[in-house]
Amino acid sequence: MAESTVAASNAAAANVPQKAGLEGIVAAVTSISNVDGQAGRLIYRGYDIHDLAHTTTFEEIAHLLWFGHLPTRTELDALRVRLVEQRHLPEAVVTMLRALPAGTLPMDALRTAVSIWGMYTVKGAPSIEQAIGLTACFPLILATFQRLRLGLEPLESRSDLGYTANYLYLLTGQEPKAEHVTSLDAYLVMLADHSMNASTFTARVVASTSSDLASSVVAAICALKGPLHGGAADKAQEMLETIGTSENAEPWIRATLTSGGRLMGFGHRAYKTTDPRAEELREMARHADPTRFVFARRVEELAVSVLAEIKPGRKLYTNVDFYSAVLLNSVGIPVDLFTPTFGVARVVGWTAHILEQSAHNRLIRPLAEYTGPDHQQFVPLAQR
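Residues numbered from 1 in each chain as written. Predicted model: local features only at pLDDT ≥ 70, side-chain atom pairs only at ≥ 80, totals over all residues. Heavy atoms only, no water.

## Some details on the overall build of the chain
Right, so step 1: Of regular secondary structure, the chain possesses 17 helices and 3 strands.
Right, so step 2: Here the C-alpha atoms of the chain give a radius of gyration of 22 Å, agreeing with the 21 Å that 2.2 N^0.38 yields for 384 residues.
Right, so step 3: The principal-axis extent of the C-alpha atoms belonging to the chain is close to 70 × 55 × 45 Å.
Right, so step 4: Looking at the chain as a whole, 48% of its 384 residues qualify as buried.
Right, so step 5: Pairs at least 24 residues apart make up 75% of the contacts formed inside the chain by residues separated by at least 6 positions.
Right, so step 6: Entry remark: accessible area of the chain is about 18200 Å², with carbon and sulfur atoms responsible for 54%.
Right, so step 7: The positive charge centre, built from 34 side chains, and the negative charge centre, built from 39, are 5 Å apart in the chain. (Helix = DSSP H or I, 4+ residues; strand = E, 2+ residues; numbered from the N terminus. Rg over C-alpha atoms; globule rule 2.2 N^0.38 Å. Buried < 20%, exposed > 50% of the residue type's maximum accessible area, 1.4 Å probe, protein only. Contact = heavy atoms within 4.5 Å. Areas by Shrake-Rupley, 256 points an atom, 1.4 Å probe, with all protein chains shown as cover. Lys, Arg positive; Asp, Glu negative; His and termini not counted. Charge placed at Lys NZ, Arg CZ, Asp CG, Glu CD.)

This is the structure:
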């Protein structure tokens, strides 16, 4: 970009309303999903998440986000076949996972594995076949990492198991319970996409440079790793463990808030009312782990009450992460795999947005309002 154009852009920035974190700024046009924060609604391609959460499978949602419509039985069967056919990792990915040092964080392992997968697999512009292949491999990467760090050998995928059931099988080596598959599958449905969140925005920015699909997803993983985005469910689990009992809940909550601490799993940038995913997850947690639910529900009630008292007008309610912690724990997902399992769901949304961005691309290059000094007098090094 010419210097004169840059100068004009900087001047124009002064006339554009600035908001920290780009809050309220439209950064893309999409037909994939929409968040109505005032009404507390999340829709995928026009379908309300409340209608999808218990009536569809994750593979159906993948088809909806990738192809734009819910599949027929024939289309769904065809997609499942394509996902099963892609359930294999390049040997270089497995070798890398074996060589990771002890104590490697799962999100770091996932990020590195996807980068190597892309190096061996991705050729050319982003495509639906690449999206299917990478989505099929996410559970394999995490299960391989988990078993290797436990001193166990990775398992072969089972073609008779669906996406979610196969993930649980690869993690444990056991036939997953039907109720665990149902719970985790509904979780994956609800986490598959969420409009212009931080990781999706990151993926679209990278895709807008005409970079490849794997690089765009690696960037999204880096954004998801942060505890202010996808890394909050494990923190919510740690918070519940620290609180310990219902009797300790209110004193702990008050002490945390008055000392400037955060309650993990509460509040959301987009929602000014209850997160619809939290509503669904609350009911799922009630059935998945009744004992833990009673405790978590009490913590939620007290936290919302104390937040309203200490931070009036903020409208802080539970978000998707709070009851995700209860649900993921109930199906046996290790705590430090909570965020990577979020990625197992969100990779479908990321790749759908990457494909959409690539199909109607314009380089994402926002303005910045400059607040530094101007007209500084240059002094040569010898005179400083």
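This is not the end of the story, as more comes after the structure.
## Concerning the nonpolar core
Right, so step 1: Counting residues in hydrophobic clusters, the biggest one holds 110 residues, and the most contacted among them are Tyr 44, Val 114, Phe 138, Tyr 187, Val 217 and Ile 333.
Right, so step 2: No other element matches helix 7 (residues 128-149), which puts 12 residues into this core.
Right, so step 3: Dropping the residues within four chain positions of it, Ile 333 is found in contact with Tyr 167, Leu 168, Leu 171, Leu 184, Leu 328, Phe 338 and Thr 341. (Core = buried A, V, L, I, M, F, W, Y, C linked by side-chain atoms within 4.5 Å.)

## Quick look at the side chain of Thr 318
Right, so step 1: Mapped onto the elements of the fold, Thr 318 is located in the loop between helix 15 (290-310) and helix 16 (320-330).
Right, so step 2: Within the local environment of Thr 318, its side chain forms a polar contact with the side chain of Glu 300, the two groups lying 2.9 Å apart. (Polar contact = N/O pair within 3.5 Å; in protein donor to acceptor, adjacent residues only side chain to side chain.)

## What about a positive patch on the surface?
Right, so step 1: Together, Arg 262, Arg 269, Lys 272, Arg 314 and Lys 315 make up a positively charged patch on the protein surface.
Right, so step 2: Within the fold, Lys 272 resides in the loop between helix 13 (246-258) and helix 14 (276-288). (Patch = residues over 30% accessible without salt bridge, like charges linked within 9 Å, V, L, I, M, F, W, Y side chains within 5 Å. Salt bridge = Lys/Arg side-chain N within 4 Å of Asp/Glu carboxyl O.)

## Focus on the packing of helix 7 against helix 8 (residues 163-172)
Right, so step 1: Viewed as axis vectors pointing N to C, helix 7 and helix 8 meet at an angle of 15°, and their least axial separation amounts to 8 Å. With respect to helix 8, the axis of helix 7 lies roughly parallel. As for the relative orientation of helix 7 and helix 8, their crossing is right-handed in sense. Along the contact surface, helix 7 presents Thr 135, Ala 136, Phe 138, Pro 139, Leu 140, Leu 142, Ala 143, Gln 146 and Arg 147, while helix 8 presents Tyr 163, Asn 166, Tyr 167, Leu 170, Leu 171 and Thr 172.
Right, so step 2: Of the residues assigned to the contact of helix 7 with helix 8, the class counts are 10 nonpolar, 4 polar and 1 charged. (Axes fitted to C-alpha atoms, helices over the stretch in contact; angles between N-to-C directions. Parallel < 35°, antiparallel > 145°, perpendicular 65-115°, else oblique. Left-handed = near helix turned anticlockwise from the far one by under 90°. Nonpolar A, V, L, I, M, F, W, Y, C, P; charged D, E, K, R; others polar.)

## A word on helix 4 (residues 73-85)
Right, so step 1: When the terminal C-alpha atoms of helix 4 are compared, their 18 Å separation across 13 residues agrees well with the 18 Å that a helix rising 1.5 Å per residue should span.
Right, so step 2: Within the sequence span of helix 4, burial applies to Leu 76, Leu 79 and Leu 83. The buried residues of helix 4 all sit within an arc of 65° when viewed along its axis, so they share a single face. Away from its buried face, by an angle of more than 90 degrees, helix 4 presents the exposed residues Arg 73, Thr 74 and Glu 85.
Right, so step 3: In this fold, the buried residues of helix 4 make contact with helix 3 (58-67) and helix 7. (Expected span 1.5 Å × (residues − 1). Arc of directions from axis to C-beta.)

## Here's the deal with the pairing of strand 1 (residues 33-36)
Right, so step 1: As paired elements, strand 1 and strand 2 (residues 41-44) share 4 bridges and run antiparallel to each other. Bridge pairing in strand 2 places Asp 36 opposite Arg 41.
Right, so step 2: Hairpin geometry of strand 1 and strand 2 is characterised by an intervening segment of 4 residues between the two adjacent antiparallel strands and by a positive phi of about 70° at Gly 40. (Pairing = 2+ DSSP bridges.)

## Some details on unusual backbone geometry
Excluding glycine, residues mostly have negative phi values, and the peptide bonds linking residues are mostly trans.
Right, so step 1: Positive phi is not limited to glycine here, since Arg 45 has a value of about 50°.
Right, so step 2: With respect to the helices and strands, Arg 45 occurs in the loop between strand 2 and strand 3 (47-48).
Right, so step 3: Located in the positive-phi region is His 375, a residue other than glycine, with phi close to 55°.
Right, so step 4: In this structure, His 375 sits in the segment after helix 17 (338-359).

## Considerations on the sheet that holds strand 1
Right, so step 1: Taken in spatial order, the 3 strands line up as 1-2-3 in an open sheet, and their pairing is antiparallel. Only two strands of the sheet have a single neighbouring strand rather than two, namely strand 1 and strand 3.

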